[in-house]
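# A structural walkthrough
Here is how the chains run, residue by residue.
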Amino acid sequence: MISLKIAALSLVLTSLTPNDDRLESLERQLDNLVKTKALSAALVRVSDQGKDWTAAAGYRDTTSRKPADPAGHFRIGSVTKTFVATVALQLADEGKLKLDDRVSKHLPGALPEGSPITVRQLLGHSSGLFDYAGAGIPGWSLRDFRPVESRYDQTPEELLAVGLSKPPYFKPGQGRRYSNTNYVVAAMLIEKLTGRPYADAITSRILRPLRLTHTSLPGHRQTVPRPHARGYVLHKGKMVDATRINPSLEYGAGEMISTTADLSRFLDALLGGKLTSASGLKQMRATRPAGDGLDYGLGLQKFGTTCGKSLYGHSGAIFGYLTYALRSDDGRTLVLSGNPYSGATPADALQKALDTTFC
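Analysis parameters
Along each chain, residue indices are assigned from 1 in the same order as the chain's sequence is written. Restriction of local features to residues with pLDDT of at least 70 applies here, the model being predicted, together with a cutoff of 80 or more for giving and counting side-chain atom pairs; totals for whole chains, interfaces and linings are based on all residues. To get the side-chain values, all heavy atoms of the structure are used, and hydrogens and water are removed first. To qualify as a helix, a DSSP run of H or I must reach at least 4 residues; to qualify as a strand, a run of E must reach at least 2; elements of each kind are numbered from the N terminus. Three exposure classes are used, based on accessible area relative to the maximum for each residue type with a 1.4 Å probe and protein chains only: buried under 20%, partly exposed in between, and exposed over 50%. Strand pairing is defined by DSSP finding a minimum of two bridges between the two strands. A pair of cysteine sulfur atoms is labelled a disulfide when the two atoms are within 2.5 Å. Here, nonpolar core refers to any group of buried Ala, Val, Leu, Ile, Met, Phe, Trp, Tyr and Cys residues whose side-chain atoms link them within 4.5 Å. Contacts were defined at the residue level, with two residues in contact if any of their heavy atoms lie within 4.5 Å.

### Some remarks on the environment of Phe 130
On the secondary structure map, Phe 130 appears in the loop between helix H4 (119–123) and helix H5 (156–164). Separated by 36 residues in the primary sequence, Phe 130 and Lys 166 place their C-alpha atoms 6.3 Å from one another.

Printed below as a string of structure tokens:
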């Protein structure tokens, strides 16, 4: 194992993947994002044909300035949705639901009476349900950090009630728009069908079989397991520590915590056809435009590269943490966790990272 330190970058190489010059370029990109304060820390893993390359840029916290740990934990935000969708597809494979069933068939009373919203529309963001996280209500918005409200206990029913308190974006099936409310309902549906918390279903169906021992669903627990880099957000003109929040605000839309190694293993299993039927995976990968340049299937996003490769996985954003977990069909996987800070992030930063990794 080789350990290098370059400026703010702490780098660990394990079984270098082919074309190491690409990885060196990715290293420099991360280092520059830390130097310009776009990120306070970044963790990255590139996996290819059983070989892994991991790196950590920046610091665990801005006070001690101890180097970030490449094996550190982080909040994965909306990458949680891929886990939820996978369980839903497994239940469909088992005949416990059909994707075109109305939600009310399995979860009566959750949606307004007579709602035609289907399971497929939840998973693919074509239900029209208003995004509770965008309501702008103190304590409910994921775009406006508030130190006190971010630690409140929330229930799924409360989150859904906020989403239903606003008019829908469109009639079910008449458009596509990303909404966290969809995955609150999807997680509630899993609980109804399995008779257990949805976290138990994800644990028994995915985490244990794949031995994802560093992945968790914290529920109301506010801490992140060590080691981890701390997350920061802008509040009243100052950068403040937002590491401790109550993830019940996210529930099935984004509460999970993981590591680059576990997310890489999960993507390999899912997109390698080991977690759902071939038909189920095909439907998950069938993406369509969902606004803001987003291509969305059922719990999977599609990203492109300038060399024409398509990447499948998911992005996630929650206070203090930004995650991308993506895989190409030739088996190369990129998992990137960043901790946004006070500097500006170049508009092409993600595209450069994707092109460097996959082209």
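### Regarding the pairing of strand E3 (residues 39–48)
Most of E3 sits out of view: ten of its ten residues are buried. Across eight bridges, E3 lies against strand E14 (residues 333–340) in antiparallel orientation. By the bridge assignment, Ser 47 is partnered in E14 with Thr 333. With eight bridges joining them, E3 and strand E4 (residues 51–58) adopt antiparallel strand pairing. The residue of E4 that forms the bridge with Leu 43 is Ala 56. Between the antiparallel neighbours E3 and E4 lie two residues, among them Gln 49 with a positive phi of about 55°.

### Quick notes on the state of the cysteines
Counted by the stated rule, this structure contains one disulfide. With its sulfur 2.1 Å from that of its partner, Cys 307 forms a disulfide with Cys 359. Residues Cys 307 and Cys 359 share a disulfide whose torsion about the S-S bond is about -85°; that sign makes it left-handed. In this pair, Cys 307 is assigned in the loop between strand E11 (301–304) and strand E12 (310–318) and Cys 359 in the segment after helix H10 (349–358), connecting sequence segments 52 residues apart.

### Section: the pairing of strand E13 (residues 321–328)
The buried fraction of E13 amounts to seven of the eight residues, a majority that puts the element mostly inside the structure. Here E12 runs beside E13; their pairing, made up of eight bridges, is antiparallel. Bridge assignment links Leu 311 to a residue of E13, and that residue is Ser 328. Counted between consecutive antiparallel strands, the loop separating E12 from E13 contains two residues, among which Gly 320 sits at a positive phi close to 85°. Sheet analysis places E13 next to E14, joined by six bridges and oriented antiparallel. When the bridges of E14 are listed, Leu 326 appears paired with Leu 334. Counting the residues in the hairpin turn of E13 and E14 gives four residues, including Gly 331, whose phi is positive at 100°.

### Overview of the nonpolar core
Counting 78 residues, the largest nonpolar core has Phe 83, Leu 123, Ile 202 and Ile 206 as the members making the most contacts within it. Those residues in contact with Leu 123 that sit more than four places away from it in its chain are Ala 85, Ala 88, Leu 89, Leu 99, Tyr 183, Ala 186, Tyr 296, Gly 297, Leu 298 and Gly 299. Membership of the second largest hydrophobic core comes to 24 residues, among which are Ala 38, Leu 39, Ala 55 and Ala 349.

Function cannot be inferred from these measures alone, as they are strictly geometric.
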